[in-house]
Amino acid sequence: MPDIRRKYVIPGELIAEGNYRPVANVLRVGEKYYSTRVGMAEVGHEGVRVIPLSGPYIPRVDDLVVGKVVDYSAFAWEVDINSCFFAFLPAQSVFGRDYSPAEDSLTSKFAVGDMLAAKIFAFDRTRDPLLGLAGPGLGRIPRGEIVKITPTKVPRLIGKRGSMIRTIEMATNCRLTIGQNGVVVINGSPDGVLMSLKAIKLVEEEAHTADLTQKVQALLGQRGATA
Amino acid sequence: MSAVKKSLVVEQLRRNQMIELLAQGKRMDGRGLLDYRAIKIETGIIPKASGSAKVTIGDTQVIAGVKVETGTPFPDTPDQGLLIVNAELLPLSSPYAEPGPPDEGVIELARVVDRGIRESQMIDVSQLVIKEGEKVYAVFADVSILNTDGNLFDTTSYAVVAALLSAKYTKYEMVDGKLRPTEVKEALPLRTIPVSVTIAKIGDSIVVDPTDEEEAVMDARLTLTTDSNGNICAGQKGEPGTFSFDQMLSGADTSRMKGQEIRNLLKEATGYTG
Amino acid sequence: MTTVLLDDRGLRHDGRRVDELRPVKIEVGVLKNANGSAYIEFGKNKIIAAVYGPKEVHPKHMALPDRAVLRCRYHMSPFSTDTRKNPAPSRREIEISKVIREALEPAVLLYDYPRTAIDVFLEVLQSDGGSRCASIAASSVALADAGINMKDLVCACAAGKIADQVVLDLDDVEDKEGSGDMPLAMMPNFEQVTLFQLDGILSSQQFKQAFSFALDGCKRVYQLQKEALMKKYFGQGEPSMEESE
């Protein structure tokens, strides 16, 4: 077992002194490492990092996101991806290279109000994120209930190698599409959807605690998949 | 398209999902169609105000503060005190609220709440006169909306009513043509407890106490206010959709029935027994 | 009617000693819609702080290419004062909004969020002396609750002068009838002052004492800010992260 020290921190708290690599959500001043977020600080051989418990979704290339079409121009759809940036889905990536604004109508594919599952295709500090639909399961989401969770808690909802998703899906007979941006789509019977909502709410509330899978299983009243 | 509008674009699939569920008599949060969310009423939370109340319905939170001051009566009603209801949607209440003068929605809200209270004759304004034609008491009810999750009409109305029920104001006297505060503090002269009940039509279903999500997809809204005797004293239909005659009539029954339950909550929370 | 600001036992009109803080209560996450929020009671002050953002800037030309714009609105409810306050923002509220923004800005890592806006809204539900300090304390907790990268929290507290004696944390009466008020805000882990105002005459000795009182008050407020955040996020349960993806 690698020696990892953990502690709960708030912004400005000193986490460690010495020579480490600042991994994430850490401010280095000389030899001192301070947290920039509320969360769990970890000091180990990999470096110093803070796993935050709150915060906005900042896009990363290759993330799966669930977004809502809010507008379109002649060349792209504008998509609300629950972030501080609206994302763009270029028309060419849907119609192909020979897309012509004069002949193809964007609304024939996606309308304002449609929900999409998409990947972040490109993003950096200087421009808004671009989306792509190349990949299995990507595209318009025809039906389902939408629920938002804190984006920093998405890894907990997915679980180790997808164990938490499987637990919820098997117990409720629903299908979950979880965007890294904290938007989740649930498909299933009305009762299954309501059960899934409860389980997701529990993950949201108890994300920082141990034995989360067992707690969710207890809530759902049956044993799901084990990791 | 502005940022506000973009954010309010409704997912079409959400409306479909909701209509499907409502047709089975269920709501997304597990309530029945005619159930309110939990209503919490706290009074006396702003000691600097003459009367105050915080009301939460689900995640909608508002605070009402009543200030009783002195003022000049309107020329056409020299023998009546004044009642002024004002509401403000604070920019901290939702991602879509912006600072600035109130928009038409908030003005409608304040006016509908004002009408419910005024028309019920809750306050006997004829008793709020210090010297006829010159000096009267002015009752200001200001509402700050802290968090929105639907049904602002009822939440705001209950907060104002609870603040009025629990208010105590300083009596003034006229000495040598000048107003002077006395040591006497009195409750407002009250006659009835008006209660508004808001229903929403979504598809073919009627629900009470709509959430933000339900309001985003609703076709029409109806707010009806009843007094303690079960009379309907004010009403307002909103949004572009329509109600059938039957829906209007059963809406009136619903507002009487629900109104009585909520009136009891208001009495309990404020200790008002009149 | 004149109030005795300091009696012969050295106690203030509300019974506090000269270096005593009013009761302070902080609660985190009080508004569902906001990205971060906090409620503070500081003496008779009752203030809600809400943070929205980072989000797109409108109008777009207000955006900065390399960092976020921090915006701040301090507003008093009409029922927050003894006589009803006109709801329109006053010159005082506009100035306080500005100094609060400038007190928070050094602590927020704005360069992490280029081309966005971060809005801080403050609503004073009931006012008492020291509402700007209470507002700053609540705002910085709300920013942390929103998960915005910060160098440090900002804590704040005022010192002042009544009856020629330096005291900590003036209330409404002392603010009106006293002879000096000195609000101070700072980043406790980096020992940097981010807000300072003073009205009133202090001798150099009194200034030093007031400064030391205010710093001490700030540190106590910081402990309460920290406790409030810890309670919201780690109130129950054992720490664990091993199950994550």
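Residues numbered from 1 in each chain as written. Chains lettered and ligands numbered in written order. Predicted model: local features only at pLDDT ≥ 70, side-chain atom pairs only at ≥ 80, totals over all residues. Heavy atoms only, no water.

## Considering the nonpolar core
Going by this rule: Residue types Ala, Val, Leu, Ile, Met, Phe, Trp, Tyr and Cys, when buried and joined through side-chain atoms within 4.5 Å, form a set referred to as a nonpolar core. Here the term buried applies to any residue with accessible area under 20% of the maximum for its type, exposed to any over 50%, and partly exposed to those in between, with areas from a 1.4 Å probe on protein chains only. For the purposes of this entry, the term helix denotes a DSSP run of H or I that reaches at least four residues, the term strand denotes a run of E that reaches at least two, and both are numbered from the N terminus. Note on contacts: a residue pair is in contact if any heavy atoms of the two residues lie within 4.5 Å.
Counting 77 residues, the largest nonpolar core has I40, I118, I136, L143 and L229 of chain C as its most contacted members. Broken down by element, the residue count for this core peaks at ten residues, all from helix α4 (residues 204-234) of chain C. Not counting residues within four places of it along the chain, the set of residues in contact with L143 of chain C comprises V51, L104, V108, I118, V120, I148 and M150 of chain C. If you look at the next biggest cluster of nonpolar residues, it comprises 52 residues, including A87, V139, A141 and V143 of chain B.

## Concerning the confidence of the model for chain C
Our working definition: pLDDT is a residue-level measure of predictor confidence that goes from 0 to 100.
Of the residues in chain C, 95% reach a pLDDT of 70 or more, and the chain-wide mean stands at 92. This stretch, residues 241-245 of chain C, has a pLDDT under 50; its non-local contacts, to residues over four places away or in other chains, come to 22 contacts.

## Focus on the domain arrangement of chain A
Accessible area lost when the parts come together is the quantity often used to give the size of an interface. Residue and element names in this part refer to chain A. Note the following rule: Source of the domain bounds: an automatic or database domain assignment. Two parts placed together each lose some accessible area under a 1.4 Å probe, and the buried area is that loss summed for both.
In terms of domain boundaries, chain A breaks down into domain 1 (5-52), domain 2 (64-140) and domain 3 (145-220). Between the C-alpha centres of domain 2 and domain 3 there is a distance of 26 Å. Each side of the interface is counted separately: domain 2 has six residues, and domain 3 has ten residues. A combined buried area of about 670 Å² lies between domain 2 and domain 3, and 61% of that area is made up of carbon and sulfur atoms. In terms of surface lost to domain 3, no three residues of domain 2 exceed L64, V66 and N82, which account for 74% of the buried area on that side.

## Comments concerning the pairing of strand β7 (residues 47-52) of chain A
Residue and element names in this part refer to chain A. Heads up, the condition is: Two strands pair if DSSP finds at least two bridges between them.
For β7, the buried fraction is high: five of the six residues fall into the buried class. For strand β3 (residues 22-24) and β7, the ladder comprises two bridges, and the chain directions are parallel. Within β7, the residue paired with A24 across the bridge is R49. For strand β6 (residues 39-44) and β7, the ladder comprises six bridges, and the chain directions are antiparallel. In the strand pairing of β7, G39 is matched with P52. The antiparallel pairing of β6 with β7 creates a hairpin that spans two residues between the two strands.

## Things to note about the sheet that holds strand β1 (residues 24-28) of chain C
Residues and elements named next belong to chain C. Put simply, the rule is: Here an angle of 0 to 180 degrees is reported between the N-to-C directions of two axes, which are lines fitted to C-alpha atoms, with helices fitted over the stretch in contact.
Taken in spatial order, the five strands line up as β1-β2-β3-β5-β4 in an open sheet, and their pairing is mixed. The open sheet has two edge strands with one neighbour each: β1 and β4 (69-76). Mean inter-strand twist for the sheet, computed between neighbouring axes without regard to direction, equals 15°. Relative to strand β5 (residues 116-126), strand β3 (residues 45-56) is paired through nine bridges, and the arrangement is antiparallel. By the bridge assignment for β5, V51 is matched with V120.

## Re helix α5 (residues 212-220) of chain A
Residues and elements named next belong to chain A. The following threshold applies: Picture the helix axis, draw a direction to every C-beta atom, and the arc is the one those directions span.
Three or more residues of α5 are buried, namely L212, T213, V216, Q217 and L220. Seen along its axis, α5 keeps its buried residues to an arc of 135°; they face one direction. Considering only its buried residues, α5 is in contact with α2 (154-158), α3 (163-172) and α4 (190-206). Just past α5, the residue G221 takes up positive phi, approximately 75°.

## Observations regarding the interface of chain A and chain C
Selection rule: Any carboxyl oxygen of Asp or Glu that lies within 4 Å of a side-chain nitrogen of Lys or Arg is treated as forming a salt bridge with it. Polar contacts, as used here, are pairs of N or O atoms within 3.5 Å; protein pairs need one atom able to donate a hydrogen and one able to accept it. Residues neighboring in sequence count only if both atoms are side-chain atoms.
The partner chain C presents 39 residues to the 44 residues of chain A that form the contact. In total, about 3,600 Å² of surface goes out of reach between chain A and chain C, with carbon and sulfur atoms giving 58% of it. Contact with chain C buries surface across chain A, with Y8, I10 and R125 of chain A losing the most and accounting together for 17% of the total. At the junction of chain A and chain C, the tally comes to two salt bridges. Among the salt bridges present, the one from E13 of chain A reaches K226 of chain C, with a minimum N-O distance of 3.3 Å. There are 16 residue pairs in polar contact (both at pLDDT 80 or more) connecting chain A and chain C. Of all the secondary-structure elements, those providing two or more residues to the side of chain A that touches chain C are β1 (5-9), β4 (26-29), β5 (32-35), β6, β12 (127-132), α2 and α5 of chain A.

## Concerning unusual backbone geometry
The residue after G53 of chain C, namely P54 of chain C, is reached through a cis peptide bond having omega 0°. On the secondary structure map, P54 of chain C appears in strand β3. With an omega of -5°, the peptide bond between H58 of chain C and P59 of chain C qualifies as cis. Within the chain, N173 of chain A stands out as a residue other than glycine whose phi angle is a positive 60°.

## With respect to empty space enclosed by the protein
Residue and element names in this part refer to chain B. Condition: Buried and open spaces are told apart on a 1 Å grid over the protein atoms alone, a cavity being a set of points where a 1.4 Å probe fits but cannot get out and a pocket being an open set with protein on both sides within 12 Å along at least five of seven lines. Residues with an atom within 4 Å of a point are the lining residues. Grid points are joined across faces, edges and corners, and a volume is the space filled by probe spheres set on the points. Note on residue classes: Ala, Val, Leu, Ile, Met, Phe, Trp, Tyr, Cys and Pro are nonpolar, Asp, Glu, Lys and Arg are charged, and everything else, Gly too, is polar.
For the structure shown, the criterion picks out two cavities of 30 Å³ or more. Quantified by volume, the largest cavity comes out at close to 50 Å³. Lining the largest cavity are V112, V113, G116, I117, F153, S157, P194, S196, T223 and T225. For the lining of the largest cavity, the secondary structure elements donating two or more residues are α3 (104-119), α4 (152-165) and β11 (220-226). The biggest single contributor to the lining of the largest cavity is α3, with four residues. Of the residues assigned to the lining of the largest cavity, the class counts are five nonpolar, five polar and no charged.

## Section: the interface of chain A and chain B
The partner chain B presents 16 residues to the 20 residues of chain A that form the contact. Each partner contributes to the roughly 1,600 Å² buried at the junction of chain A and chain B, and carbon and sulfur atoms together form 55% of this total. Summed over the three residues of chain A that lose the most area to chain B, namely K68, E145 and P190 of chain A, the buried surface amounts to 27% of that side. For the pair chain A and chain B, the interface holds one residue pair in polar contact (both at pLDDT 80 or more). Contributions of two or more residues to the side of chain A that touches chain B are made by β8 (64-72), β14 (145-148) and α4 of chain A. For the side of chain A that touches chain B, the leading source of residues is α4 of chain A, giving five residues.

## So, the packing of aromatic side chains
The condition is simple: Any two rings among Phe, Tyr and Trp, with Trp reduced to its six-membered ring, count as a pair given centres within 6.5 Å; such a pair is stacked if its planes are under 30 degrees apart, edge-to-face if over 60, and tilted if neither. Over a ring means this: the NZ of a Lys or the CZ of an Arg is within 6 Å of the ring centre and within 35 degrees of the ring normal.
All told, the structure shown has 13 aromatic pairs over all chains when counted by the stated rule. For the pair Y8 of chain A and F234 of chain C, a centre-to-centre distance of 3.7 Å together with 10° between the ring planes defines the contact as stacked. Of this pair, Y8 of chain A sits in strand β1 while F234 of chain C sits in helix α4, which puts the two residues in different chains. Seen from their ring centres, W77 of chain A and F95 of chain A are 6.3 Å apart, and the 10° between their planes marks the pair as stacked. Placement of W77 of chain A in strand β9 (residues 76-80) and of F95 of chain A in helix α1 (residues 92-95) is noted, with a sequence separation of 18 residues between them. F95 of chain A carries the same exposure label as W77 of chain A, and that label is buried. It is K151 of chain C that lies over the ring of F190 of chain C; its NZ or CZ is 4.8 Å from the centre.

## As for the sheet that holds β14 of chain A
Residue and element names in this part refer to chain A. The three strands are arranged β14-β16-β15 in an open sheet whose pairing can be described as antiparallel. Edge positions in the sheet fall to β14 and β15 (175-178), since each has one partner strand and no second. With strand direction ignored, the average angle separating the axes of adjacent strands in the sheet is 25°. Strand direction decides the pairing type here: β15 and strand β16 (residues 183-187), joined by four bridges, are antiparallel. By the bridge assignment for β16, R175 is matched with N187. Helix-sheet contacts for α4 involve β14, β15 and β16, and the interaxial angle to β16 is about 150°.

## Thoughts on the environment of G130 of chain C
Residue and element names in this part refer to chain C. Looking at where G130 falls in the secondary structure, it is placed in the loop between β5 and α2 (131-145). Judged by relative accessible area, which is 23%, G130 ranks as partly exposed. Put simply, G130 and K44 are 86 residues apart on the chain and 9.8 Å apart in space, counted from C-alpha to C-alpha. In contact with G130, other than residues within four places in its own chain, are R22, N45 and L170.

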